[in-house]
Structure formats: structure tokens, C-alpha cells
Amino acid sequence: EIVVVGSLNLDLVARVPRRPLPGETVLGSALEQHPGGKGANQAVAAARLGARVAMVGAVGADGFGDALLASLRRDGVETRWVERRAGSGTGVALITVDDQAENSIIVIPGANGLVDPEQVARATPAIRAARVMLLQLEIPLPAVMAAARLGREHGLTVLLDPAPAPPPDRPLPPELLALADYVTPNESEAAALTGLPVNPDDPRPVAEALLRRGARRALIKLGARGAYLLGPEGEFRHPGFRVDAVDTTAAGDAFAGGLAAALHRGMPAGEALTWGCAAGALAATRPGAQEAMPMRDEFEGFLRE
Ligand code: ADP
């Protein structure tokens with residue numbers, strides 16, 4: 001099994017020709033509601049590729065929470081470890097997507113902000129049953145740390161997506177990087193973690209800086225240019241699949257799901273990198289987050305092409 005400890009959000013997506021500057025109003029063409037949150041997105045991405053997935057997280061006792069749980073269940077994700085917090089609303093993300101498929105996002109954490117080490121401990125049975133753990137930074141850091149520790153203790157392969165990037169005044173504890181088997185930033189997150197700019201033609205120096213900070217494997221996602229992995233198995237580069245991207249909102253989450261599903265099947269690191277890139281590329285061809293995640297048949301067909 002794969003266990004995801006992370007966030008669930010309702011995404012409210014506004015389509016705009018271009019994103020507003022400070023103080024500016026632009027007219028959008030549509031408002032959509034989609035189930036989202038990096039944790040839930042990654043859970044759905046992995047489940048659609050055929051893995052058994054359990055989600056650990058929190059929603060409010062409201063209609064948004066009902067909708068998110070129902071949608072996870074439709075994708076076959078185990079939701080018994082998602083707790084309902086009566087005192088808080090379900091997390092919401094306000095997303096604008098422009099004609100270039102670039103996005104800007106505001107996240108209101110709500111119940112996600114109440115996930116704590118005690119809740120993670122209550123989910124020990126789910127962690128013990130799993131082989132791979134997916135973590136992001138949309139729940140409080142103490143909960144992420146507790147999950148990573150439990151994951152290691154029980155011998156799971158721990159994947160840390162350090163997103164959203166931690167603020168400069170609160171850098172990630174080196175212990176967290178060291179607890180993860182894979183640390184998977186995109187370019188801006190890699191720059192935030194290391195203080196170095198990423199050169200997509202030569203990401204190795206930034207990956208080396210991540211290893212120096214304690215990461216076992218550094219995997220840098222490079223958008224349309226694929227991804228780069230440096231670790232004990234060596235160096236791997238995938239140039240990215242060529243697709244017509246319409247919305248890259250959850251490409252990184254799709255990548256995490258593909259990577260996790262591959263590692264869960266026991267595939268080697270280099271092949272798992274390809275799976276991540278294929279899932280990310282397919283998700284970029286469709287709008288939305290969870291709905292954009294590729295299904296297994298489509299995914300396998302795409303890899304054979
Ligand atoms: P994030 O979504 O976390 O910011 P990226 O934008 O780097 O991360 O996207 C994650 C992965 O999805 C990339 O490593 C790449 O494999 C794939 N991907 C993203 N955008 C595209 C694109 N336009 N074309 C092909 N693959 C893409």
C-alpha cells in the first residue's frame with residue numbers, strides 16, 4: 001500500500017486571460033470547483049495507477065468536506081484516517097489559471113492546519129501496512145516530521161515533496177530531509193531549499209547541495225523539461241514528454257503519484273523517474289487537479305507510444 005499524509009482542499013478555479021497585478025481587477029470567464037489539496041491529489045494520482053492508497057488528513061464538518069471524501073472514495077482511496085474537525089472549515093484553494101496555463105494560488109488551510117503528531121500516531125496501522133509514504137508541506141511541520149519518523153521506523157520508502165516552499169525565515173529542519181528517501185522539489189522549491197538558482201541544463205549542483213543538506217536522493221522537477229535525479233544509484237535525466245499543456249496545476253502531484261506507484265511496484269529509481277514524468281505530462285494536458293490524473297490504461301498506453 002501507499003500512505004499519503006497531507007492536505008485536502010476544495011479548489012475554486014477562476015479562468016482569466018491574464019493574472020491580475022496588485023490592485024488590478026480582471027474579468028474571468030468561468031469559475032469551477034474541483035477536489036484538490038496536494039495530499040489528496042497525490043493519493044488520487046497513485047490510486048488511478050493501480051496502487052492501494054490510504055489518505056491521512058483532516059477536513060471540516062461541512063459540505064466541502066463531504067464532497068472531498070466522496071470524491072476520494074470514488075477513486076478507491078481509503079478515507080477512514082481522514083478526520084473531521086468540527087471546529088474548522090475544510091481547506092480551500094483559490095486558483096487563477098491564465099491563457100498561458102500559468103497559475104497563481106492562495107491556500108486557506110482550515111482543517112489541514114489542525115493535523116498534528118497525535119493524529120499521525122492514531123494512523124499508525126495505515127503506516128505500518130504501507131510500503132511507500134507520500135508527504136508534502138500543506139499540513140503543519142510537526143505532523144510531517146512525525147509521519148516521516150514513523151515511516152522510516154516501519155521501513156517505508158518516504159517521498160517528500162517540499163511544496164509549498166518553506167518561507168526563508170523558517171527553513172526545513174535538516175532532519176526532515178534526512179528522513180526522506182526522495183526529496184522532490186520543482187525549480188523554485190529547489191532554489192528556496194538551497195539558495196542556489198537552478199540551471200535546467202545542469203541541475204546537478206543544486207541536487208548536490210540538497211544531498212549536502214541531508215537528502216538521500218534529490219529529484220528536481222523541471223516542468224516541460226522533465227526531471228533530474230541524483231542519488232546512490234547514480235544520475236538520471238528525463239527530458240520530459242512532449243504534450244499540449246493546458247493546465248499544469250497538479251502536474252507535480254501527478255508526478256509524485258507516478259513516482260510512488262512505480263517505487264511501490266519495486267521499479268528502479270531511473271524507471272520511476274520516467275513514470276513520474278509521464279504522469280506529470282498527462283496531467284498537464286487537462287484542467288483541474290484530481291480529475292486531471294491519468295487512469296491506468298491511458299498511462300500504460302502513453303508509455304508504450
Ligand atoms: P510542479 O507542478 O510541482 O511545479 P513541475 O511544473 O516541474 O512541478 O511539473 C512536474 C512534472 O510534470 C515535471 O517534472 C514534468 O515531468 C511534468 N510536466 C509538467 N509540465 C509539463 C509540460 N508542459 N510538458 C510535459 N511535462 C510536464
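Structure report, in brief. All figures in this text were calculated on a predicted structure; none of them were measured in a lab.

Rules of the game
- As a convention, each chain's residues are numbered from 1 in the sequence order in which they are written.
- This being a predicted model, a pLDDT of at least 70 is required before a residue's local features are given, and a value of 80 or more before pairs of side-chain atoms are given or counted; all residues contribute to the totals for chains, interfaces and linings.
- The side-chain values count all of the structure's non-hydrogen atoms but skip hydrogen atoms and water molecules.
- Salt bridges are defined as contacts in which a side-chain nitrogen from Lys or Arg sits within 4 Å of a carboxyl oxygen from Asp or Glu.
- In this description a helix means any DSSP run of H or I spanning at least four residues, a strand means any run of E spanning at least two, and both kinds are numbered starting from the N terminus.
- To sort residues, take the accessible area from a 1.4 Å probe on protein chains only and compare it with the maximum for the residue type: under 20% means buried, over 50% means exposed, and anything in between is partly exposed.
- By convention, a stacked pair of Phe, Tyr or Trp rings (six-membered ring in the case of Trp) has centres within 6.5 Å and planes under 30 degrees apart, an edge-to-face pair has planes over 60 apart, and any other such pair is tilted.
- To estimate how far a helix should extend, the number of its residues minus one is multiplied by 1.5 Å.
- In this description, a nonpolar core means a group of buried Ala, Val, Leu, Ile, Met, Phe, Trp, Tyr and Cys residues linked to one another through side-chain atoms lying within 4.5 Å.
- Any two residues having at least one pair of non-hydrogen atoms within 4.5 Å are treated as being in contact.

Moving on, we come to the pattern of salt bridges. Counting across every chain of the model gives 18 salt bridges. One salt bridge in this structure joins D66 and R84, with 2.7 Å as the shortest N-O distance. On the criterion of sequence distance, the pair formed by D66 in helix α2 (residues 63–74) and R84 in strand β5 (residues 78–85) is long-range, its members being 18 residues apart. In this structure R84 comes out as partly exposed when scored by relative accessible area, which is 36%. Here E208 ties to R204 by a salt bridge, and the two come within 2.8 Å at their closest N and O atoms. You can see E208 and its partner R204 sitting in helix α8 (residues 204–212), four residues apart, about one turn around the helix. Overall, E208 belongs to the partly exposed group, its relative accessible area being 30%. Where salt bridges share partners, they join R15, E32 and D247 into one cluster.

A full pass over the atoms with the stated rule returns two aromatic pairs. Aromatic pair F241 and F302: ring centres 5.0 Å apart, planes at 55°, arrangement tilted. In this pair, F241 is assigned in the loop between β13 (234–238) and α9 (251–264) and F302 in helix α11 (residues 296–304), connecting sequence segments 61 residues apart. Of the residues examined, F241 reaches a relative accessible area of 23% and is grouped as partly exposed.

Bringing unusual backbone geometry into the picture now. That bond from A163 to P164 is cis: its omega, -5°, falls within 30 degrees of zero. Its place among the elements puts P164 in the loop between β9 (157–160) and α6 (174–179).

Turning to α9, a few remarks are in order. Counted at 1.5 Å a residue, the expected span for α9 with its 14 residues is 20 Å, and the 20 Å between its end C-alpha atoms agrees. Taking burial as the measure, the 14 residues of α9 include 13 buried ones, the bulk of the element. In the segment just after α9, G266 is the residue with positive phi, at about 85°.

A separate point is the nonpolar core. Core analysis: the largest hydrophobic core is formed by 54 residues, its most contacted members being I2, L8, V53, M55, L159 and L219. Among the elements that line this core, the one with the most residues is helix α10 (residues 269–284), at ten residues. Excluding residues that lie within four positions of it along the chain, I2 makes contacts with A46, A51, R52, V53, A54, A130, V132, L134, A260, A261 and H264. Judged by nonpolar contacts, the second largest core, of 45 residues, contains V56, W81, L177 and A215.

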